[in-house]
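# Architecture at a glance
Single-letter residue listing:
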Amino acid sequence: MERAAAVSEEIELSYSDVEESLRDTVQALLRKRCSPEILGRIFDGDRTGTTELWRTLAVDLGLAGLLVPEQFGGAGATAREAAVTLEELGRFVAPVPFLTSAVVGTTVLRLADATDLLGSAACGDVTVCLAVPVSTGPGGLVETVTAAGNVLHGIVRNVAGALEADLLLIPVAGQDGLELYALHADSARVTPVVSLDMTRQLADIDVTGVTARLLISGGAAEAAVHRALVAAAGLMASEQLGLARQCLQITVDYLGVRRQFGRIVGSFQALKHRLSDLYIEVESACAAARYAAATLADDHADQETAAAVAKAYCSDVAVHAAEECVQLHGGIGMTWEHPAHLYLKRAKADQIAFGAPGAHRALLAVLVDLPVR
Amino acid sequence: MTDDVRADLTNRARKLLSDNDPATCERLKFLRAQFDLGLAWVHYPKGLGGLGLPRAFQNYVDELLAKAGAPDNDPLRNSVGLGMAAPTIVEFGSQEQQSRFLRPLWTAEELWCQLFSEPEAGSDLAGLATRAVRDGDEWIVNGQKVWTSGAHKAKWAILIARTNPDAPKHAGLTYFVCDMTVPGVDVRPLRQITGEAEFNEVFLTDVRIPDCNRIAAEGQGWQVATATLNNERLAIGDSQIPREGGMIGVVAQTWRNNPTRRTPDLHDRLMQLWVEAEVMRLTGIRLRQKLAAGQPGPEGSAMKLNFARVAQRLTGLELEILADDGLRYADWTMRRPELVNLTGGDAGYRYLRAKGNSIEGGTSEILRNVIAERVLNMPPEPRQDKNIPWKELPR
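Residues numbered from 1 in each chain as written. Chains lettered and ligands numbered in written order. Predicted model: local features only at pLDDT ≥ 70, side-chain atom pairs only at ≥ 80, totals over all residues.

### Here's the deal with the domain arrangement of chain B
Residues and elements named next belong to chain B. Quick reminder of the rule: Domain start and stop points were drawn from an automatic or database domain assignment. By the criterion used throughout, residues are in contact when their C-beta atoms, derived from the backbone, lie within 7 Å. Going along the chain from the N terminus, every DSSP run of H or I of four or more residues is numbered as a helix, and every run of E of two or more is numbered as a strand. Side-chain classes follow a simple rule in which Ala, Val, Leu, Ile, Met, Phe, Trp, Tyr, Cys and Pro form the nonpolar group, Asp, Glu, Lys and Arg form the charged group, and the remainder, Gly included, forms the polar group.
Each assigned domain of chain B is listed here: domain 1 (3–106), domain 2 (112–219) and domain 3 (226–375). Listed per partner, the contact involves 13 residues of domain 1 and 9 residues of domain 2. The dominant element in the side of domain 1 that touches domain 2, judged by the number of residues it contributes, is helix 4 (residues 79–92), at 7 residues. Looking at the side of domain 1 that touches domain 2, its residues break down into 7 nonpolar, 5 polar and 1 charged.

### Section: the pairing of strand 4 (residues 167–174) of chain A
All names here are of chain A. The condition is simple: Residues with at least 20 other C-beta atoms within 10 Å of their own are called buried, those with 12 or fewer are called exposed, and the rest are partly exposed. The C-beta atoms themselves are positioned from the backbone. Strand pairing is assigned whenever DSSP detects at least two bridges linking the two strands.
Burial within strand 4 is extensive, with 6 of its 8 residues counted as buried. With 3 bridges connecting them, strand 1 (residues 128–130) and strand 4 associate as parallel partners. Among the inter-strand pairings, Val-128 is bridged to a residue of strand 4, identified as Leu-167. Here 8 bridges tie strand 4 to strand 5 (residues 177–184), and the two strands are oriented antiparallel to one another. The residue bridging Leu-169 from the neighbouring strand is Ala-182, located in strand 5. Turn length for the strand 4-strand 5 hairpin, with the two strands adjacent in sequence and antiparallel, is 2 residues.

### Here's the deal with the domain arrangement of chain A
Residue and element names in this part refer to chain A. The assigned domain composition of chain A is domain 1 (9–126), domain 2 (145–219) and domain 3 (221–367). Between domain 1 and domain 2, the C-alpha centre-to-centre distance is 22 Å. On the side of domain 2, 14 residues touch domain 1, which itself brings 15 residues to the contact. Contributing elements (two or more residues each) for the side of domain 1 that touches domain 2: helix 2 (36–43) and helix 5 (98–111). Here the side of domain 1 that touches domain 2 gets 4 residues from one element, more than from any other, and that element is helix 5. Its residues assigned to classes, the side of domain 1 that touches domain 2 shows 12 nonpolar, 3 polar and no charged.

### A closer look at the interface of chain A and chain B
The interface of chain A with chain B comprises 38 residues on the first partner and 35 residues on the second. At the level of elements, helix 7 (218–255), strand 10 (263–264), helix 8 (269–297), helix 9 (303–328) and helix 11 (357–367) of chain A are the ones that each hand at least two residues to the side of chain A that touches chain B. For the side of chain A that touches chain B, the leading source of residues is helix 8 of chain A, giving 15 residues. Split into classes, the residues belonging to the side of chain A that touches chain B amount to 20 nonpolar, 9 polar and 9 charged.

### Regarding the environment of Leu-109 of chain A
Residue and element names in this part refer to chain A. Position of Leu-109 among the secondary structure elements: in helix 5. Judged by local crowding, Leu-109 falls into the buried class, with 31 C-beta atoms found within 10 Å. In the structure, Leu-109 is positioned 115 residues away from Ala-224 in sequence and 8.2 Å away in space, judged by C-alpha atoms. If sequence neighbours within four positions are ignored, Leu-109 has contacts with Ala-114, Leu-117, Leu-118, Ala-121 and Val-128.

### Some remarks on the packing of helix 8 of chain A against helix 9 of chain A
All names here are of chain A. For clarity, the cut-off: Fitted lines through C-alpha atoms give the axes, limited to the stretch in contact for helices. The angle between two N-to-C directions lies from 0 to 180 degrees. Each angle gets one of four labels, with under 35 degrees taken as roughly parallel, over 145 as roughly antiparallel, 65 to 115 as roughly perpendicular, and the rest as oblique. Crossing handedness is defined as follows: a turn of the near helix away from the far one that is anticlockwise and smaller than a right angle gives a left-handed crossing, while the clockwise case is right-handed.
At a minimum axis distance of 8 Å, the contact between helix 8 and helix 9 shows a crossing angle of 150°. When the interaxial angle is binned, helix 8 and helix 9 end up roughly antiparallel. Between helix 8 and helix 9 lies a crossing of left-handed hand. Looking at the contact of helix 8 with helix 9 residue by residue, the class counts come to 18 nonpolar, 4 polar and 3 charged.

Put into structure tokens, the structure is as follows:
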């Protein structure tokens, strides 16, 4: 047990100047290219501009290879920078596969020593997707695909980031444990799913009869997938933080101008108290998400605990923030026209993605020696 | 911390330890010497027990001294002095007041208490009615204060009183240091729901305070009190604890010690609170990093609010984990505790005592107002009591 591992007083939880400047860059782009109107149209089936947006982020800003070491053509940045990026992607509910490709995909490829594929992913030529159901968190992988020789058989349902992907990484139940295969997305049948959150649309992947390349197997494959899922959970907390902050901000702004009963409604104590509670939650979420990012960046012994804490906590904060955003906007919050629904759909989907809060608390119970029985 | 600063702190600590060997030196002599070397609270100015360094550097000093077996100043006995009076005196006191009060305060030769709340002025502290009337070089004070912990042991109190009833409520207040040992100060224990009496009622009858014990200008009392309360909220919500320190540690241990009492429902609630306690700890670290050099602002209110909420839920859960054993209570005898230890006593005591966490030092409801209005900049409730003379307010 590493219960005493947290020497976290030393870990910097504030944002560095470099991180703030990355935030500004990402934010400036999203402000122009990721408006609520564009997002609303995605739900009506019009994804115009989303491919170009990802390309700009991935290639022009170099975010596809943000976490990839420089020797493989990436930016060699850390989880701290990825976290700040995700805060902004969350704030704008950006419909881009950064988390699934630039975090999960490149982490798996790096740990699998697939340097050729890693190079293509780093420069943004290839978008990667680890084909697991979106709810899969650390320790939660259940393989639904089998292999005979290099020919795969099976379906993976509800995968996030698959629609945008060029390269699919398929976990397969092998005789000696987990095997990880790579294949070109064009060779699989990737069927889009109408999703609660169309800004991170799910897809079902049928790989039956497809020939794939075995990347890695056994303990090394388990470790690579596990590390990637820990990073996904720990960093999704930052996306949730960005979204929650945005919901709080626009709700505070709205209650500061909306008048009823001859008063600004934000002066009613009943509403102020709800927003104060939400403010506390968002500030707390910030500390949790920063700590998760910092421990991932330092490859700190506490990273699994930190990620579980952050994902368990920030998931519910984001949902609470989005639900308060809808409710406190009143009727307008229920309309298609107002962006509140975009936040709500993303927040609810994020809560379930990469391990729901209960799953992370169950992981924690083991990590911190508080057994259920 | 730069190498120069580290070297200076190390040299000072070495000098302190070599001139005053902790093994043989009298405790008070050691503490006074520590104060005089600026190692008491390094973030305060030189000459006042500090060195004008960032707050966080104190940890370095404390670690060095603790390793050498140095005595501490028993901070829990004087939390009002250290957490509230001292920062207020540093910020608003005159030079004479600073040199008179701070050294014996820090060494705990003189303990402090707080005379703020009144029976008719709780959350609405600015409406308080205790009067101070000028009489030459003195003030004559009359009124009743309440919730005064440590009043029966204190040498000094920080006191707010009304000096101008014709001014609006916030503008007619003045801040004093009151000697608790002078005639007219009557301290009576106030028994609380735990059975014991941590707090007191304090009756002030023609108490004379010399004008030199007024802090800041006449009429500036509210501004000074606000600084005190911000420090109090920071002190309450911001204790630096390790993971699973404080109340979560107690309850987690109860869980580990009682395998036969575990249920899935209790486990899920425990884990939720474990996460909340850990996040609260991280939030405190982040807040300290942000404030490393600065003054506490309203953000401290968020910590205090969270602390109370988590402590109350944890102590309630612990009773449920213990089930029938949780219903055995140690002692209802009226007594005056030496120290208040929120994690001490038995589970029933902790449950009851934690109810005070959301009331003392500003109720959670008032703190939510503070956050909404001063952090989120939401408009205040319409109020009728702010701009009319205090004496015309309905009572």
